[in-house]
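Per-entry structural report
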Amino acid sequence: MQDDDLSKARHRAVPSGRLARLGGFGRLAGGVAGGMLAEGARRLAAGERPKVGDLILTPGNAARVADRLSHLRGAAMKLGQMISMDAGDVLPPELQTILAQLRNQAYRMPPQQLDRVLREEWGADWRRRFRHFEASPVAAASIGQVHRATLPDGRVLAIKVQYPGVADSIGADVDNVATLLRVSGLLPATLDLKPLLAEAKRQLAEEADYVREGAELRAYRERLAGDARYVVPALEEALTTKRVLAMEFVAGRPIEALAEASQAERDAAMTSLISLVLCELFAFGVMQTDPNFANYRWQPDTGALVLLDFGAARRVPAETAAGYRRLIEAGLARDRDAIRETAVAVGFLGEAAAAAHRPAIDRIIAAIDAALNRPGAFDFGDRAFVPVVREEAKAMIADRATWHVPHVETLFVQRKVSGTALLAARLKARVDVRGLAAAAVVGEDLSARG
């Protein structure tokens, strides 16, 4: 959430206790049920026989769900945001509406709740640590909000304060959101979500540990030291706790501001970002897996990208990187059979889907292959192949018996890859994707290609 959104934000205390959060989900269920009864009665009176899923996903219920999850924040809101970025056109329009609202909801902690959190972390006299501490947040997200503060020596910091109760409620929140998806009828009962839900809980627990995030921030700063394409803030370790993260305040514009920049500036920024993703995958063995646009800022004067929020940084297993390497090599060779076979082998595609829908899969691969191999840089703004992919995927999406959940490590990496491509499309950037990928899989230094 950006500064102008926060100027219109409303104070709303975050429920911190287990019972309070459970009550929040209870009120959500009650409101949705009431909306279902009213909509069901209306449709029956009109002579219709509505399905349960149709009654849940009404505009009124969409608003109820978005409002309640944004109030709860924490894992509930984080999962909603993740699904909205990852699932794209697979979701019904009504559910897309819910999740799009979650990305922009403007609630923040009341001053009394903020003060209570900081007293618990820094002591009753915490204000004496600063020359000035801005009570209004400059940014807000799913598990915390960011304040600007000035130290007595004049240094300006960004202070991220975690919403109370977030860490303790992760397990219950994840289970409740999963139940919401199940009840909506969007997911087949045969789909085994247990490994994914367990990993989501682990990942979110790690994101709620700001001491861990501080260590990842410091490690990324060391990895990228000397590379002028990236700016990583310095950690202020003395003020960092499990619920408060303090770092250097680095100025920059929202990454979306690049949409108004020149083609050359957009191309350079996305080349830098795609190069970073490839380095994370094949060189660092560590990836910041949250592609939320708010995690990046842009400095117009230098063209540098400011990298923020390392809570979702995680190790990339060697076998996961090897699977991506094989897939890229097959793509570079334009061996479409090898692309399909590798996609199944590494878990991108389920064997059942590959067997049942091979002609459609082959046409999807052909469309993407043709787009990637046009002369010159790949134009992310040219979406001519997207309708082909979307049309061919319809039958696969409808065939719920062949739905497949990839390995969780692949899912986290693919989330970063897909989110980066989404940003490139938003900015209509042109990037030598083939050249960058070819260099990365043979271990070439990508800094010279910035």
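Residues numbered from 1 in each chain as written. Predicted model: local features only at pLDDT ≥ 70, side-chain atom pairs only at ≥ 80, totals over all residues. Heavy atoms only, no water.

Heading Sequence similarities (unreviewed entry) of the UniProt record for the protein chain holds this comment: "Belongs to the protein kinase superfamily. ADCK protein kinase family." (UniProt positions renumbered as here; feature names shortened; annotations may be inferred.)

Two elements in contact, helix α12 (residues 318–332) and helix α18 (residues 433–441), have axes separated by 10 Å at closest approach and are oriented at 130 degrees. Compared by their axis directions, α12 and α18 come out oblique. The way α12 lies across α18 gives a crossing that is left-handed. Along its contact with α12, which presents Arg325, Ile328, Gly331 and Leu332, the element α18 presents Arg434, Ala437, Ala438, Ala440 and Val441. Taken together, the residues of the contact of α12 with α18 sort by class into 6 nonpolar, 1 polar and 2 charged. (Axes fitted to C-alpha atoms, helices over the stretch in contact; angles between N-to-C directions. Helix = DSSP H or I, 4+ residues; strand = E, 2+ residues; numbered from the N terminus. Parallel < 35°, antiparallel > 145°, perpendicular 65-115°, else oblique. Left-handed = near helix turned anticlockwise from the far one by under 90°. Contact = heavy atoms within 4.5 Å. Nonpolar A, V, L, I, M, F, W, Y, C, P; charged D, E, K, R; others polar.)

Here the focus is the nonpolar core. Trp122, Phe130, Phe133, Ile159, Met270, Phe282 and Leu307 are the most contacted members of the largest nonpolar core, which totals 76 residues. Here this core gets 10 residues from one element, more than from any other, and that element is helix α11 (residues 263–284). Setting aside chain neighbours within four positions, we find Phe130 in contact with Trp122, Ala149, Thr150, Leu151, Pro152, Ile159 and Leu239. Core analysis: the next-biggest nonpolar cluster, separate from the first, contains 11 residues, Ala338, Ile339, Ala354 and Ile364 among them. (Core = buried A, V, L, I, M, F, W, Y, C linked by side-chain atoms within 4.5 Å. Buried < 20%, exposed > 50% of the residue type's maximum accessible area, 1.4 Å probe, protein only.)

Time to look at the pairing of strand β5 (residues 144–150). A large share of β5 lies buried, amounting to 6 of its 7 residues. As defined by bridge partners, strand β3 (residues 132–133) adjoins β5 across 2 bridges and the pair is classed as antiparallel. Counted as the bridge partner of His132 is Thr150 from β5. In the sheet, strand β4 (residues 139–140) pairs with β5 via 2 bridges, with the strands oriented antiparallel. Within the sheet, the bridge partner assigned to Ala139 lies in β5 and is Val146. In the sheet, β5 pairs with strand β6 (residues 156–162) via 7 bridges, with the strands oriented antiparallel. Within β6, the position partnered with His147 by the bridge is Ile159. Where β5 hands over to β6, the hairpin turn is made up of 5 residues, of which Gly154 adopts a positive phi near 95 degrees. (Pairing = 2+ DSSP bridges.)

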